[in-house]
Amino acid sequence: MSLTLFHSPGTRSIRALWLLEEMGLPYELKSIKYDGAYFASDDFRAINPMGKVPALHDNGELIVESTAIMEYLMQRCGPTPLSIAPDNPEYAAYLQWLHMAEAGMASYIAVSFGHSFGKAPYKVTDEFDAYCRFQITKALEMLESRLEGRDYLLSSGFSAADISLGYTLFFAKACTGTKFTETVGTYFSRLCARPACQKAMADLPK
């Protein structure tokens, strides 16, 4: 196995990079400054036909979705305690938050962020932007409830679901100025204090 991760600071590739660090896996990092023109070029689309990051190359295999990359790494390079097995009582919660962090939160954040800056591919009606923000609020309320009495999403402790959601919370705070409750804010700070998270975000602009 020879892992190469194409990464751009501040993007969803943080999820993959953070997981690689938590798992202690050897990998080659190709860090690229975010450049829409380059990502749309034939040169980069030969790396990732979708023209975005992350892209993980593993001996000819290409995986491009951040949560899919996470599952791929845990299944191919595990076992790891960061992954929860189907017979675990918390499996449903684990799987839900692993994917909800992207599909139920980050996707809405991206649309709302792009809309607020008038970026053409993300330009939507104000009504749809309000809908996206409503969905973000509902998800944060659900998270608030989930964290009651827990340090992490699962009672058993830190897992890949926290990595997936940790990036989403970073995205929300950095790009939309979302205000967190004390519970969510403390949880986010706990995630950011992890050495692997700090390494994955070390190249962010100061």
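Summary of the structure given here. As the structure is a computational prediction, the values presented were derived from the model and not from experiment.

## Description of the packing of helix 1 (residues 13-23) against helix 4 (residues 66-77)
Consideration 1: It is at 9 Å that the axes of helix 1 and helix 4 come closest, and there the two elements cross at 20°. When the axis of helix 1 is compared with that of helix 4, the two are roughly parallel. Relative to helix 4, the crossing made by helix 1 is right-handed. In contact with R15, A16, L19, L20 and M23 of helix 1, helix 4 contributes S66, I69, M70, L73, M74 and C77.

## Focus on a nonpolar patch on the surface
Consideration 1: On the surface, F128, Y131 and F134 cluster together into a nonpolar patch covering about 290 Å² of accessible area.
Consideration 2: Turning to its location among the elements, F128 is positioned in helix 6 (residues 126-146).
Consideration 3: Judged by its relative accessible area of 36%, F128 is partly exposed.

## With respect to the nonpolar core
Consideration 1: In this structure, L73, L143, L165 and L169 are the most contacted members of the largest nonpolar core, which totals 60 residues.
Consideration 2: Contributions of two or more residues to this core are made by strand 1 (3-7), helix 1, helix 4, helix 5 (91-116), helix 6, helix 7 (160-176), helix 8 (182-192) and helix 9 (195-200).
Consideration 3: No other element matches the twelve residues that helix 5 contributes to this core.
Consideration 4: When residues no more than four places from it in sequence are discounted, the contact partners of L73 are L3, A16, L19, L20, M23, L25, L56 and G78.
Consideration 5: With seven residues, the next largest nonpolar core counts F39, I47, V53 and A55 among its residues.

## Looking at unusual backbone geometry
Consideration 1: The peptide bond linking V53 to P54 adopts the cis configuration, its omega dihedral lying at 5°.
Consideration 2: Turning to its location among the elements, P54 is positioned in the loop between helix 3 (42-45) and strand 3 (55-58).
Consideration 3: The omega angle of the peptide bond from G78 to P79 is 10°, so this bond is cis rather than trans.
Consideration 4: Checked against the element boundaries, P79 lands in the loop between helix 4 and helix 5.

## What about the pattern of salt bridges?
Charged atoms that come close allow side chains of opposite charge to pair.
Consideration 1: For the coordinates displayed, the defined rule picks out nine salt bridges.
Consideration 2: The shortest N-O distance in the salt bridge between E21 and K199 comes to 3.7 Å. Taken together, the residues span a long stretch of sequence, with E21 in helix 1 and K199 in helix 9 at a distance of 178 residues.
Consideration 3: Of the residues examined, K199 reaches a relative accessible area of 52% and is grouped as exposed.
Consideration 4: One salt bridge in this structure joins R146 and E90, with 3.6 Å as the shortest N-O distance. In this pair, R146 is assigned in helix 6 and E90 in the loop between helix 4 and helix 5, connecting sequence segments 56 residues apart.
Consideration 5: Judged by relative accessible area, R146 falls into the buried class, the value being 19%.
Consideration 6: Since its relative accessible area comes to 13%, E90 is described here as buried.
Consideration 7: A single network of salt bridges, built from pairs that share partners, joins R12, R15 and E102.

## Considerations on the environment of Y38
Consideration 1: Looking at where Y38 falls in the secondary structure, it is placed in helix 2 (residues 36-39).
Consideration 2: Judged by relative accessible area, which is 30%, Y38 ranks as partly exposed.
Consideration 3: In this structure, the C-alpha to C-alpha distance between Y38 and H57, residues 19 residues apart in sequence, is 19 Å.

## As for the environment of Y27
Consideration 1: Along the polypeptide, Y27 turns up in the loop between helix 1 and strand 2 (28-31).
Consideration 2: Spatially, the C-alpha atom of Y27 lies 27 Å from that of M100, the residues being 73 residues apart in sequence.
Consideration 3: In contact with Y27, not counting residues within four places along its chain, are L3, L17, L20 and E21.
Consideration 4: Looking at Y27, its side chain comes within polar contact range of the side chain of E21, at 2.4 Å.

## A few points about the pairing of strand 3
Consideration 1: Relative to strand 3, strand 1 runs antiparallel, the two being bridged by four bridges. When the bridges of strand 3 are listed, F6 appears paired with A55.
Consideration 2: For strand 3 and strand 4 (residues 61-63), the ladder comprises three bridges, and the chain directions are antiparallel. Looking at the pairing, D58 lines up with E61 of strand 4.

The rules behind these values
Residues numbered from 1 in each chain as written. Predicted model: local features only at pLDDT ≥ 70, side-chain atom pairs only at ≥ 80, totals over all residues. Heavy atoms only, no water. Axes fitted to C-alpha atoms, helices over the stretch in contact; angles between N-to-C directions. Helix = DSSP H or I, 4+ residues; strand = E, 2+ residues; numbered from the N terminus. Parallel < 35°, antiparallel > 145°, perpendicular 65-115°, else oblique. Left-handed = near helix turned anticlockwise from the far one by under 90°. Contact = heavy atoms within 4.5 Å. Patch = residues over 30% accessible without salt bridge, like charges linked within 9 Å, V, L, I, M, F, W, Y side chains within 5 Å. Areas by Shrake-Rupley, 256 points an atom, 1.4 Å probe, with all protein chains shown as cover. Salt bridge = Lys/Arg side-chain N within 4 Å of Asp/Glu carboxyl O. Buried < 20%, exposed > 50% of the residue type's maximum accessible area, 1.4 Å probe, protein only. Core = buried A, V, L, I, M, F, W, Y, C linked by side-chain atoms within 4.5 Å. Polar contact = N/O pair within 3.5 Å; in protein donor to acceptor, adjacent residues only side chain to side chain. Pairing = 2+ DSSP bridges.

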